[in-house]
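Structural overview for review
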Amino acid sequence: MAMSVGESDEEIISTINTTPLVDVMLVLLIIFLITIPVVTTSIKVDLPKEKNVVRETKPENVIISVDKGGKIFLYDTPIKNSNDLFERMKKFAVMKPQPEVQIRGDGASDFEAVGRVMYAVQRSGITKVGFITEPTN
């Protein structure tokens, strides 16, 4: 038989053990992090597909070229400045149906030169403007 003399082994613990609480909170955090992306993308949406369509140049399209020096060409004819281009574009703007303007800007040219062309075309009232680029291989 054992006899207890003095302090007992069953002392009252006055501190709270927070380890199980932290473990439960971490598990809940992981569950929320896993389920949130699933909830936000659960709506079925048909996203547009990217297409590389080769566009053919029609005879009625107006082609404006800007070389790397900033010189402007209407088809193959050199244009003095953007005001001269504006005057020529007014003639195309009154056509029915209005032709599409295709801008061919050299990759080494300043953006300012292409911007002046875009501004002249916009001021003349032409609504269909596109850029010609080379396809990547």
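The structure reproduced in this document is the subject of the present report.

Calculation rules
Residues numbered from 1 in each chain as written. Predicted model: local features only at pLDDT ≥ 70, side-chain atom pairs only at ≥ 80, totals over all residues. Heavy atoms only, no water. Helix = DSSP H or I, 4+ residues; strand = E, 2+ residues; numbered from the N terminus. Expected span 1.5 Å × (residues − 1). Buried < 20%, exposed > 50% of the residue type's maximum accessible area, 1.4 Å probe, protein only. Arc of directions from axis to C-beta. Contact = heavy atoms within 4.5 Å. Patch = residues over 30% accessible without salt bridge, like charges linked within 9 Å, V, L, I, M, F, W, Y side chains within 5 Å. Areas by Shrake-Rupley, 256 points an atom, 1.4 Å probe, with all protein chains shown as cover. Salt bridge = Lys/Arg side-chain N within 4 Å of Asp/Glu carboxyl O. Axes fitted to C-alpha atoms, helices over the stretch in contact; angles between N-to-C directions. Parallel < 35°, antiparallel > 145°, perpendicular 65-115°, else oblique. Left-handed = near helix turned anticlockwise from the far one by under 90°. Core = buried A, V, L, I, M, F, W, Y, C linked by side-chain atoms within 4.5 Å. Phe/Tyr/Trp six-rings, centres within 6.5 Å; stacked < 30°, edge-to-face > 60°. Lys NZ or Arg CZ within 6 Å of the ring centre and 35° of its normal.

This paragraph deals with helix α3 (residues 111–124). When the terminal C-alpha atoms of α3 are compared, their 20 Å separation across 14 residues agrees well with the 20 Å that a helix rising 1.5 Å per residue should span. Within the sequence span of α3, burial applies to Ala113, Val114, Val117, Ala120, Val121 and Ser124. Within α3, the buried residues cover an arc of 120 degrees as seen down the axis, which keeps them to one side. Exposed side chains of α3 directed beyond 90 degrees from the buried face belong to Phe111, Glu112 and Gln122. On its buried face, α3 is in contact with β1 (62–66), β2 (72–74), α2 (82–93), β4 (101–105) and β5 (129–131). Looking one or two places after α3, you find Gly125, whose phi comes out positive at around 100 degrees.

What follows is about a nonpolar patch on the surface. On the surface, Leu21, Val24, Met25, Val27, Leu28, Ile31, Phe32 and Ile36 cluster together into a nonpolar patch covering about 760 Å² of accessible area. On the secondary structure map, Leu21 appears in helix α1 (residues 19–40). The class of Leu21 is exposed, set by a relative accessible area of 55%.

It is worth spelling out the packing of α2 against α3 at this point. Close contact between α2 and α3 brings their axes to 8 Å; oriented N to C, the two are set at 40 degrees. Between α2 and α3, the angle falls in the class oblique. Where α2 crosses over α3, the handedness of that crossing is right-handed. Contacts from Ser82, Asn83, Leu85, Phe86, Met89, Lys90 and Ala93 of α2 reach α3 at Arg116, Val117, Ala120, Val121, Arg123 and Ser124.

Before going further, it helps to spend a moment on the nonpolar core. Core analysis: the largest hydrophobic core is formed by 19 residues, its most contacted members being Ile64, Leu85, Met89, Val101 and Val117. Taken together, the elements giving at least two residues each to this core come down to β1, β2, α2, β4 and α3. In this view, Val117 contacts Ile64, Val66, Ile72, Leu85 and Ile103; residues no more than four positions away in its chain are not counted.

Let us look at the environment of Asn61. Tracing the sequence through the fold places Asn61 in the loop between α1 and β1. Under the relative-accessibility criterion, Asn61 is labelled buried at 6%. Sequence separation of Asn61 and Glu100 is 39 residues, and the distance between their C-alpha atoms is 5.0 Å.

Glancing now at the packing of aromatic side chains. Any two aromatic rings considered together are summarised by their centre-to-centre distance and by the angle between their planes. Evaluation of the coordinates by the stated rule reveals zero aromatic pairs. Its end group placed over the ring of Phe86, Arg123 keeps NZ or CZ at 4.1 Å from the ring centre.

Everything listed is a geometric property; what it means functionally is a separate question.
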